[in-house]
Amino acid sequence: MKNAIVIGSGIAGMTCAVTLAKSGVRVTVVSPFPSERSQSVMAAGGINGVLTEHEEGDSVACHIEDTLRGGSYLAGKTAVTGLCEGAENIIKHLEKIGTVFSVDENSKLIRRTFGGQSYRRTYYCGSATGKQIVSALVMELRRYEAAGLVERKLWSCFYSGLIKDGTCYGVILYDETKGNLVLKTADAVVMAVGGQNAMFGKTTGSTQCDGYAAGKLFTQGAELKNLEFIQYHPTTIETKQKRMLISEAVRGEGGRLFYLENGKRVYFMEDKYGSGGNLMTRDVISREIDALKKEVFLDISFLGEREIDKRLPEVRELCLKYINLDISKEAIPVAPCVHFFMGGFAVHLNHETNIKNLFAIGECASMYHGANRLGGNSLLSAQYSGIVAAKEIVKRTSDGEIPDFSAELKEEQERLQKLRSNKKSKFPATYIRDMLAETMRDDLGISRTETALKNGIESIDYYISVAENINYDSSVAMHELYSLSAILQLARATLTCALERRESRGAHYRADYPNSDEASAYATLISYDNGNYRVYLDKEYKYES
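Rules of the game
- Residues numbered from 1 in each chain as written.
- Predicted model: local features only at pLDDT ≥ 70, side-chain atom pairs only at ≥ 80, totals over all residues.
- Heavy atoms only, no water.
- Helix = DSSP H or I, 4+ residues; strand = E, 2+ residues; numbered from the N terminus.
- Axes fitted to C-alpha atoms, helices over the stretch in contact; angles between N-to-C directions.
- Parallel < 35°, antiparallel > 145°, perpendicular 65-115°, else oblique.
- Left-handed = near helix turned anticlockwise from the far one by under 90°.
- Contact = heavy atoms within 4.5 Å.
- Nonpolar A, V, L, I, M, F, W, Y, C, P; charged D, E, K, R; others polar.
- Core = buried A, V, L, I, M, F, W, Y, C linked by side-chain atoms within 4.5 Å.
- Buried < 20%, exposed > 50% of the residue type's maximum accessible area, 1.4 Å probe, protein only.
- Pairing = 2+ DSSP bridges.
- Expected span 1.5 Å × (residues − 1).
- Arc of directions from axis to C-beta.
- Phe/Tyr/Trp six-rings, centres within 6.5 Å; stacked < 30°, edge-to-face > 60°.
- Lys NZ or Arg CZ within 6 Å of the ring centre and 35° of its normal.
- Salt bridge = Lys/Arg side-chain N within 4 Å of Asp/Glu carboxyl O.

Undergrad: So what about the environment of glycine 276? Which residues, and what values?
TA: One can find glycine 276 in the loop between helix 8 (268-273) and helix 9 (282-292). The sequence separation of glycine 276 and glycine 116 amounts to 160 residues, and the corresponding C-alpha distance is 9.5 Å.

Structure representation (structure tokens):
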């Protein structure tokens, strides 16, 4: 029987695992925490799709065009077509397995408007869509676990890939409960590890998503793509622990952005872009807020308490809990924050990387969003990519004999022991982590310049030079210690991609190159070879392809 390892237990990982198990493939799902603690539960607003019953004038073709245009025509048309055409089956399947979507008085699914889209096509579960989908998928996964086709390996983290001659044969895992490394082979490995939020410190995402897996596999030969495209969500609030997302659903329900001038409200997005200004794409709104250098507010109070509790109960509860503000009576103070990563592993249409038998899905794979993601497309792409990868793995035959990786395991065990015993260094891991986040926020913000990007690279190069001599503090999780070098390599690669793209496109805005350049309308790919970074534009991903 074929077997596969899925790293990550969010919506993408679970969808892939369930699809594999349905076809008789034995799956090990690896995660440091249960699915209920994955970043997927934070997805609030909804999932896009054009169903048989749709708004008059809408079509799958229109969804495709909105997605391509929203991504500045940097996503492949073939991939986006498959995504949008698959939406109805995915949404109907989610209903079937128990996802409780919001319905009208006739029990028909209802839609809301999301930014960058021509029609209402975002289906939702109040403002807790991710949580509902996770709950339904967990029950599906447990059915196959009971049948012996799925093993859930909790409290374990990806450590490195077992790669030889361009082929992946499995992984080395770090077992947090025992504090040791475990070698596990498989016919296919699927990375479903999300983005790299922790690299920026406090974001809207989970700090579980730190970019380590992408950074480690990058140094092992995996190509990465479009790292410079980082989406800032325009409406978040500050809390002690993190930035909390104020869902785009608020603007989809009519929420209005404004700032105060001489005590009067200035609806700056409407003034500049007309009646649909509050539903411009996230990159546009984030740049407009950033340029104001003023406190900005989002108002939905005019809906009234009853309608807010019906349409946006989770948003009201969040604001009451974290900032003691009642959105039915007051406007919400908001600011942009890092939210989603369009870049990640470079994958083919079947979601395989340039390394054979190594796949990437969900947010960690760069495929459908181009230079900027439309809200509501992430939940769709998480599931679609998981299904695509699983179907490809099912078709494959086993490669047969697996090389001996005992020497690699011993080498990594020795490195881990060295890190544990290094207690005299002046470079504590937490200090470098904090400095990394500060560097990324300051030098790779919403508006970028060559000077800032070069400063960032210089800082990261210094952190890399001391990363192997950091101080082991027993209060810091071992994963945070050994992962630091690879995260720094990913940070370096991200800054390098941003420096090389000398134009503004989608979520990448260069103040020194404010215009788009059609000669650069291609995906950025980057590879690593013993400390050297190779960056190039891949014309295969041009819109017309």
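Undergrad: Tell me about the packing of helix 14 (residues 429-443) against helix 15 (residues 450-466), and name the residues and values.
TA: Viewed as axis vectors pointing N to C, helix 14 and helix 15 meet at an angle of 165°, and their least axial separation amounts to 9 Å. On the basis of their axis angle, the class for helix 14 and helix 15 is roughly antiparallel. Classified by chirality, the crossing of helix 15 by helix 14 is left-handed. In contact with Ile432, Met435, Leu436, Thr439, Met440 and Asp443 of helix 14, helix 15 contributes Ala452, Leu453, Asn455, Gly456, Ser459, Ile460, Tyr463 and Val466. Its residues placed into classes, the contact of helix 14 with helix 15 shows 9 nonpolar, 4 polar and 1 charged.

Undergrad: Tell me about the nonpolar core, and please be specific about residues and values.
TA: Counting residues in each nonpolar core, the largest one holds 121 residues, and the members touching the most others are Leu20, Ile47, Met191, Phe345 and Met440. With 11 residues, helix 17 (residues 484-500) is the largest single contributor of residues to this core. Other than its neighbours up to four places away in sequence, methionine 440 contacts Met199, Phe200, Gly445, Ile460, Ala491, Thr494 and Leu495. The next biggest cluster of nonpolar side chains, apart from the first, holds 27 residues, and it includes Ile246, Leu257, Leu298 and Ile327.

Undergrad: An account of the sheet that holds strand 12 (residues 230-238) is needed here, citing residue identities and associated values.
TA: If you walk across this open sheet you meet the 6 strands as 13-12-17-16-14-15, and the pairing is antiparallel. Each edge of the sheet is formed by a strand with only one pairing partner; in this case those strands are strand 13 (243-245) and strand 15 (264-266). Between one strand and the next, the sheet's axes are offset by a mean angle of 60°, whatever the strand orientation. Bridging between strand 14 (residues 256-261) and strand 16 (residues 296-299) involves 3 bridges; their strand directions are antiparallel. Pairing of leucine 257 across the sheet is with leucine 298, part of strand 16.

Undergrad: Any details on helix 14? Residues and values, ideally.
TA: For helix 14, which comprises 15 residues, the first-to-last C-alpha distance of 21 Å matches the rise-based estimate of 21 Å (1.5 Å per residue) to within 8%. When we look at burial in helix 14, the residues that qualify are Ala429, Ile432, Arg433, Leu436, Ala437, Thr439, Met440 and Asp443. Looking straight down helix 14, one finds its buried side chains confined to an arc of 160°; they lie on one side. Set apart from the buried face of helix 14 by more than 90 degrees, the exposed residues are Asp434 and Asp442.

Undergrad: Please set out the sheet that holds strand 6 (residues 150-154) residue by residue, giving values where relevant.
TA: Read from one edge of the open sheet, 5 strands run 6-2-1-10-19, paired in parallel fashion. The open sheet has two free edges, formed respectively by strand 6 and strand 19 (358-360), since each of these has just one partner strand. Strand-to-strand twist across the sheet, computed as the mean angle between neighbouring axes with direction ignored, equals 20°. Where strand 10 (residues 188-191) and strand 19 come together, 3 bridges link them in parallel fashion.

Undergrad: How would you explain the pairing of strand 7 (residues 156-164) if you had to name every residue and give the values?
TA: Judged by how many residues are buried, strand 7 sits mostly within the fold: 8 of 9 residues are covered. Pairing of strand 7 with strand 8 (residues 167-175) involves 7 bridges; the strand directions are antiparallel. Note that in strand 8 the partner of isoleucine 163 across the bridge is cysteine 168.

Undergrad: Report on the environment of arginine 420, specifying residues and quantitative values.
TA: With respect to the secondary-structure elements, arginine 420 resides in helix 13 (residues 406-421). Along the primary structure arginine 420 and serine 385 are separated by 35 residues, whereas in three dimensions their C-alpha atoms are 38 Å apart.

Undergrad: So what's going on with the environment of valine 250? Which residues, and what values?
TA: Within the secondary structure, valine 250 is located in helix 7 (residues 248-252). Spatially, the C-alpha atom of valine 250 lies 34 Å from that of arginine 433, the residues being 183 residues apart in sequence. Sequence-distant contacts of valine 250, that is, excluding residues within four places in its chain, are made with Gly255, Leu298, Ile300, Leu312 and Val315.

Undergrad: I'd like a description of the packing of aromatic side chains, backed by residues and values.
TA: Enumeration over the complete set of coordinates arrives at 12 aromatic pairs. On the numbers, 6.1 Å between centres and 50° between planes, the contact of tyrosine 169 with phenylalanine 405 is tilted. Within this pair, whereas tyrosine 169 is found in strand 8, its partner phenylalanine 405 is found in the loop between helix 12 (377-395) and helix 13, the two being separated by 236 residues in sequence. Phenylalanine 405 carries the same exposure label as tyrosine 169, and that label is buried. When the ring centre of phenylalanine 33 is taken as reference, the NZ or CZ atom of arginine 37 above it lies at 3.7 Å. When the ring centre of phenylalanine 340 is taken as origin, the NZ or CZ atom of arginine 373, which lies over that ring, is 4.1 Å away.

Undergrad: For the packing of helix 4 (residues 87-96) against helix 12, give the residues involved together with the corresponding values.
TA: With their axes 10 Å apart at the nearest point, helix 4 and helix 12 run at an angle of 100° to one another. The orientation of helix 4 relative to helix 12 falls into the category roughly perpendicular. On helix 12, the residues that touch Ala87, Ile90 and Leu94 of helix 4 are Leu380, Gln383, Tyr384 and Ile387. Here the residues of the contact of helix 4 with helix 12 are counted per class, giving 6 nonpolar, 1 polar and no charged.

Undergrad: Mind laying out the pattern of salt bridges, listing which residues take part and the relevant values?
TA: Within the structure shown, the criterion is met by 37 salt bridges. As a salt-bridge pair, arginine 287 and aspartate 283 come within 3.4 Å of each other at their nearest N and O atoms. Of this pair, arginine 287 and aspartate 283 both sit in helix 9, 4 residues apart, roughly one helical turn. The class for arginine 287 is partly exposed, based on a relative accessible area of 24%. Close ionic contact of glutamate 518 with arginine 505 constitutes a salt bridge, the shortest N to O distance being 3.7 Å. With a gap of 13 residues between them, glutamate 518 in the loop between strand 24 (509-510) and strand 25 (523-529) and arginine 505 in the loop between helix 17 and strand 24 connect regions that are remote in the sequence. Classification of glutamate 518 as exposed rests on a relative accessible area of 53%.

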